[in-house]
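If you want the building blocks of each chain, they are given just below.
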Amino acid sequence: MLLIAVERARPADLPRIRALLEAAGLPLDGADQAFETGVVARVGDEVVGAAAVEPFGPAGLLRSVVVAADHRDAGIGRRLVAAAEGLARESGIRDLYLLTETAIDWFPRLGYQVIPRDAAAAAVGQSIEFTTACATTAVAMRRAPG
Ligand SMILES: CC(C)(COP(=O)(O)OP(=O)(O)OC[C@H]1O[C@@H](n2cnc3c(N)ncnc32)[C@H](O)[C@@H]1OP(=O)(O)O)[C@@H](O)C(=O)NCCC(=O)NCCS
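Residues numbered from 1 in each chain as written. Predicted model: local features only at pLDDT ≥ 70, side-chain atom pairs only at ≥ 80, totals over all residues. Heavy atoms only, no water.

A.B. asks: What is the right way to read the side chain of Ser 64 from this model?
C.D. replies: Residue placement: Ser 64 occurs in strand 4 (residues 59–67). The class of Ser 64 is buried, set by a relative accessible area of 5%. Setting aside residues no more than four positions away along its own chain, Ser 64 makes contact with Leu 21, Ala 31, Phe 35, Ala 50, Ala 51, Ala 52 and Glu 129. (Helix = DSSP H or I, 4+ residues; strand = E, 2+ residues; numbered from the N terminus. Buried < 20%, exposed > 50% of the residue type's maximum accessible area, 1.4 Å probe, protein only. Contact = heavy atoms within 4.5 Å.)

Quick look at the structure:
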């Protein structure tokens, strides 16, 4: 079995993170900055997944959740989201929001619920994902980490 470590993203991880995002068709705009509060999954030296949280006061935007195609369906995505939620809590973020077009049926399994886009915009509407990077058809979701 592969040993997979989930840990804080480092600046040196950014090129590989960008490649993963690009391969999955996810926005690159604002990603480098978002990964100042981000996590990666590593197999040895190789980054095989990533997730970031952009802080907006007491709210946060979970974004750039990605797992390399050849490592999917092994629970890495779930671990990345849990680790990003932990970082959010440590940063004093109480509510997490996200926008997605590609994983609308996946995030509810992790405790996220669809909400009106306007409700998410009120909390994290200043983010690049909201203003430019994500299509207006993207679905908004929220989780209260507690
Ligand atoms: C979504 C994603 C991060 C999930 O990562 P992962 O490591 O495969 O997820 P997990 O192993 O924790 O979960 C796998 C389970 O979720 C399901 N699943 C995975 N992606 C899904 C999706 N997009 N929609 C619905 N279900 C999905 C799998 O079928 C599997 O189900 P099972 O447990 O019943 O077999 C990964 O598929 C990915 O990188 N997708 C492309 C990028 C993307 O859409 N990111 C979200 C953008 S906001």
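More follows now that the structure is in view.
A.B. asks: Could you clarify how one ought to interpret the environment of Arg 63 in this entry?
C.D. replies: Note on placement: Arg 63 falls in strand 4. Take Arg 63: its relative accessible area is 1%, and that puts it in the buried class. Distance in space between the C-alpha atoms of Arg 63 and Tyr 112 is 13 Å, their sequence separation being 49 residues. Other than its neighbours up to four places away in sequence, Arg 63 contacts Pro 27, Leu 28, Asp 29, Gly 30, Ala 31, Ala 34, Ala 51, Ala 52, Glu 54 and Glu 129. In terms of polar contacts, Arg 63 uses its side chain to reach the backbone carbonyl oxygen of Asp 29, at 2.9 Å. Among the polar contacts made by the side chain of Arg 63, one reaches the side chain of Ser 64 at a distance of 2.9 Å. (Polar contact = N/O pair within 3.5 Å; in protein donor to acceptor, adjacent residues only side chain to side chain.)

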